[in-house]
Amino acid sequence: MDLAFTKEEQAFREEVRTFFHENIPADIHAKMIDQHSLEKQDLVTWQRILNAKGWAVPHWPVEYGGTGWDPIKLYIFWEEMQQTPAPQPLQFGVHMVGPVIATFGNEAQKQRFLPRIANLDDWWCQGFSEPGAGSDLASLRTKAVRDGDHYVVNGQKTWTTLAQHADWIFCLVRTNPDVKKQVGISFLLIDMKTPGIEVRPIQTIDGGKEVNEVFFTDVRVPVENLVGEENRGWDYAKFLLGNERSGIARIGISKQRIRRIKELAGQEFYGSAPMIENQRFREKLAAVEVELKALEMTQLRVVAAEAKRGDKGKPDPASSILKIKGSELQQATTELLMEVVGPYALPFQPGLVEGSNEPPIGMDWAATAAPTYFNWRKVSIYGGSNEIQKNIIAKAILGL
Amino acid sequence: MDFDLNEEQRLIKDSVERLLADRYGFEQRKAHGASERGWSADMWAQYADLGLLAMPFSADDGGMDQGPVGTMIVMEAFGRALALEPYLATVVLGGGFLRNGANAAQKADLIPQIVDGSLTLAFAQTERHSRYDLADVTTTARKDGGSYVLDGAKSVVVHGDSADKLIVTARVAGDRRDRSGIGVFLVDGNAAGVSRRGYPTQDGQRAAEVLLEGVRVEADWVIGEPENGLPLIEQVTDEAIAALCAEAVGTMSVMHETTVDYLKTRKQFGVPIGDFQVLQHRAADMFLMLEQARSMSMLATMMADEQDVAERRRSIAGAKVQIGRSGRFVGQQAVQLHGGVGMTMELAVGHYFKRVTMIDTAFGDADYHLSRLADAGGLIAA
Ligand SMILES: Cc1cc2nc3c(=O)[nH]c(=O)nc-3n(C[C@H](O)[C@H](O)[C@H](O)COP(=O)(O)OP(=O)(O)OC[C@H]3O[C@@H](n4cnc5c(N)ncnc54)[C@H](O)[C@@H]3O)c2cc1C
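Residues numbered from 1 in each chain as written. Chains lettered and ligands numbered in written order. Predicted model: local features only at pLDDT ≥ 70, side-chain atom pairs only at ≥ 80, totals over all residues. Heavy atoms only, no water.

For the record, the criterion: UniProt positions are given in the numbering used here, feature names are shortened, and annotations may be inferred rather than shown by experiment.
Within an unreviewed UniProt entry, the label attached to chain B reads Pimeloyl-CoA dehydrogenase small subunit, and the organism entered is Roseibium aggregatum. UniProt's Cofactor (unreviewed entry) comment on chain B is quoted here verbatim: "FAD". One UniProt comment on chain B, placed under Sequence similarities (unreviewed entry), says "Belongs to the acyl-CoA dehydrogenase family."

An unreviewed UniProt entry lists chain A under the name Pimeloyl-CoA dehydrogenase large subunit, from Roseibium aggregatum. UniProt, in the comment section headed Cofactor (unreviewed entry), describes chain A in these words: "FAD". Reading the Sequence similarities (unreviewed entry) entry of the UniProt record for chain A gives the comment "Belongs to the acyl-CoA dehydrogenase family."

Shown next as C-alpha cells:
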C-alpha cells in the first residue's frame, strides 16, 4: 500500500495545471469563477485549445486521439481542469457518444465522427429520456421502423440538454416492440438538420434554458447511422451510463467551489468579523471538506483498482457511491455559498448570470448564488437519480 | 389548550382560501406577477373587502382584532397560493410598527388607509453589510430643527419599489452596531431625496434598493422613540417572522400534497413510483418535517405578542430554525421526487421551493437564529 502520488504523477499534475492556467482565455476563466453561463463559442474555443495540444480526448483509444494515460493520470487531468476552473468538455460527445463509437462503431463511423467530436466541430446531444421513460429508461417508446436503407423515426425525447445548439443527437429508439423491452432497443445517430425534427425549450427553475423537448416526425435516418448491431442499443447505453457515473463525482468542482467560498467568506462581514471567522459557518464548511476528502480517497481507490485491472470502460458498481456522494457534496457547496450571500440571495438578476454588465445588487458575485443552488438540484436527478443509484448498490454490491 | 380555530377564525380561513382558490391559480399568479407592480391591485382591493387588511388592528383603530392567529391564517393561505401582494410588508410589518409604536394621531391617519387598501408600506431595514443584524444601522437621521434629515442606503427592501411609504430605520446617535440610538421613520416613497431601483426577486416578488439623500422627515413621522427604537423593531420583526413561519407552512403543505399526488400518478417500471418503499419513507419524512414546522409556526404565533421579551425572542428564533430546516428538506425532496419535471418553471412545485428557500433568508436564516438561540440559553431552562 502506497497512498501517495508518485513523483512522476506530481510532475504531471504540475504540467497540466500550468497548461490550463496559461491557456484558458481570461474571459472564459472569469465566467467559470463567477458561475456565469457559458456561450456555445466558449466551449468550442476551449475544446480547440485542448485539441491543438493533443489533450481533447485523453481517455479515448490512442488511434483516435487518446493520450494513453493510465486512469490515475486521467483522474489528475480532469481534476485539474475542474479546479482551474475551466469548462468541462461537452460531455455528450467527449464522454458519451465518442467512447461508444470508438468501442462499438464501425470504421467509417469512427473516421467520420471521432475527429469532429474531438475538435467540437459537431455539437452532440443525448436523446435518451422521454416523458414516460426516465428512471425506467428501457420503457422508451420513440420508434424506428426500417424502410429500405433508412430508419423512419417517430416519437419524443425530453430533457435534452443543449439540444438548441446541437448538430447531432444520439438516440435510443425502439426497433423491436415485440420482445422484452431491453432487447428491442437500438442506438441511432441522427443529424439534427434532418426534416421532421423540432426542438422546444424547457425553462428550468433558475431561469436557465439548458434543456429541451425534441420531437421526431417521420425523420429519415440512413441505416449507416446505426451504431453496432440492431437491438443491441441497451448494452451500449449501459456502457455509456457507466462512464457517465464515474465522471460525475466532479470532486475538482467541489474543491474549487470550497476555495471560492473561503475567499468570499473572508471578504463578507458577519457582524464585526469576516464570515469565515464565524464558528458555526467554519464548522459546517469543515464538515463538507471532510466528506469531500473521504470521497476523493474513495474515488482514488476506484481509479487505482481500475489502473491495476487495466479494464478501462467497465464500470465499477462503486461508481454509484461516487455519483451519490459527489452530487450531494456539489449541492452542499451551493448551499454554503447561499449562506455567504445571505440577504443578497433574493434579487433575481438573470442578465448578470448571463454576464451582462448591469450594476449588481449587493456583491458583484451574489447574482449566481441562488440560481446555482436551484439549478444544482438536477445533479441528484439526472445521470441515474440517487435513488436509482442506491437500488444499484443494494442489488449489485449487496446482493439484496 | 385548544389548537382548533374558533367559529370566527374558521370563517376567515374559509373565505380567504376560497378567494385564493378562485382567483390565484398558477396561471393567474403568473399574470399578477407580470404586472408593473408585480402584484395585483385588484386582489388587494378584494383583500380589503374581505377585511384581511384590517385583521391585526384593534377594533378601536377600525380593525378586526384578530391578533397573531388571524395573521397566521391569512399568511398560511398566502403561502398555499404563493400570493405576491405586499401583505407582509404592509399589514404585518407596516401595521406592526403602527400598532406597537405609533401615537394616536399617526394611527388615526394611517391605519384606516391600510384597512381600505389605499396605502401600502415597505420596511427598509437591511443595509449592505448588516446581514441579519437589526442593530447594524449606518443610515443616519440628523436632527434639524423640528425635523430629521436621513442619509444612507437600504437594500433588498421587499416591495420597496411600489410602496407608498417606507418605514426606515436610521441612527440618531451611537456607533454602527450600538443597540441604542436607532429610530424608525416614516418616509414618503416619492419624497425629495429618495431614489428607488426596483427589481424582481428569486421567488417572483419584487424588491428595491433605496437611496436616501438628505431626506427630510417631520418629527410627526417618527414612530416611537427615536433614541430607542430597537425594541420596537425587534417586536415587529418577531411578528413578521411568525407570519413568515405560517406562510412557509402553507408552501410546505402544498409541496407535500403535490408530491404525494405525484407518487400516486407517476408510473415507472410499470407501477406508480409511490409503490417504492423508499419513496414512501421519503414522503413520510417530508410529512414529519412539515408537521414539526406547523407546530413551531403555532408556537411562534402564540409567542408573537408575549410580554416576556426574552422568552418571545427565544421562541421566535427556535421557530425560524425549524422552519428553515423543514423548508429546505421539504423543498429539496419535493423537487427530487418529481424528477426532471420538478426542475421546470412550468410546474408549480419549483416555485414553492424557491419561495420557501427565500423565506429562510428573510430576517435571519436557520443558522443565524440557532446561534442567537444558543447564545440566549436555548429553549429549556437549565
Ligand atoms: C437538468 C437535466 C438535464 C438532463 N439532461 C438529459 C439529457 O441531456 N439527455 C437525456 O436523455 N436525459 C436528460 N435528463 C433526464 C434525466 O436523466 C431524468 O430526469 C432521470 O433519468 C429521471 O427521470 P424522470 O425525470 O422521468 O424521473 P422519474 O423516473 O419519474 O423519477 C421520479 C422520482 O422517482 C424516483 N424513482 C424512480 N424509480 C425509482 C425506483 N425504482 N426506486 C426508487 N425511486 C425511484 C426517482 O429517483 C425520482 O426521485 C436530464 C434531466 C435534468 C433534470
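Here the narrative resumes, following the displayed structure.
1. Quick word on the overall build of chain A
Selection criterion: Secondary structure follows DSSP: runs of H or I at least 4 residues long count as helices, runs of E at least 2 residues long count as strands, and numbering of each begins at the N terminus. What the globule rule says is 2.2 Å times the number of residues to the power 0.38, and the radius of gyration is computed from C-alpha atoms. Working definition: with a 1.4 Å probe on protein chains only, accessible area under 20% of the residue-type maximum means buried, over 50% means exposed, and in between means partly exposed. Whether two residues touch is decided by their heavy atoms; if any such pair falls within 4.5 Å, the residues are in contact.
Assigned secondary structure in chain A consists of 13 helices and ten strands. Relative to a compact globule of 400 residues, whose C-alpha radius of gyration would be 21 Å, chain A shows 22 Å and is just as compact. With the C-alpha coordinates of chain A rotated into their principal frame, the extents come out at 75 × 50 × 50 Å. The buried share of chain A, reckoned over its 400 residues, is 55%. The contacts in chain A between residues at least 6 apart in sequence include a share of 71% that link residues at least 24 apart.

2. Observations concerning the interface of chain B and chain A
Note the cut-off: Using a 1.4 Å probe, buried area is obtained as the accessible area two parts lose upon being combined, added over both of them. Note on definitions: salt bridges are taken to be side-chain nitrogens of Lys or Arg within 4 Å of carboxyl oxygens of Asp or Glu. A 3.5 Å cut-off defines polar contacts: any pair of N or O atoms within that distance qualifies, except that in protein one atom must be a possible hydrogen donor and the other a possible acceptor, and neighbouring residues in sequence count only when both atoms are side-chain atoms. Just so you know the grouping, Ala, Val, Leu, Ile, Met, Phe, Trp, Tyr, Cys and Pro go in nonpolar, Asp, Glu, Lys and Arg go in charged, and all remaining residues, Gly too, go in polar.
Each partner contributes residues to the interface: chain B has 47 residues there, and chain A has 52 residues. When the two sides are added together, the surface that chain B and chain A hide from each other amounts to roughly 4,400 Å², 56% of it contributed by carbon and sulfur. The three residues of chain B that bury the most area against chain A are Arg131(B), Gln202(B) and Met343(B), which together make up 18% of that side's buried surface. In this assembly, chain B and chain A are joined by four salt bridges. Of the charged contacts, one joins Arg328(B) and Glu335(A) as a salt bridge, the two residues approaching to 2.6 Å between their closest N and O atoms. On the surface where chain B and chain A come into contact, there are 27 residue pairs in polar contact (both at pLDDT 80 or more). Elements supplying a minimum of two residues to the side of chain B that touches chain A: strand 3 (147-158), strand 6 (194-200), helix 8 (277-303), helix 9 (309-338), helix 10 (348-360) and helix 11 (366-375) of chain B. Split into classes, the residues belonging to the side of chain B that touches chain A amount to 16 nonpolar, 17 polar and 14 charged.

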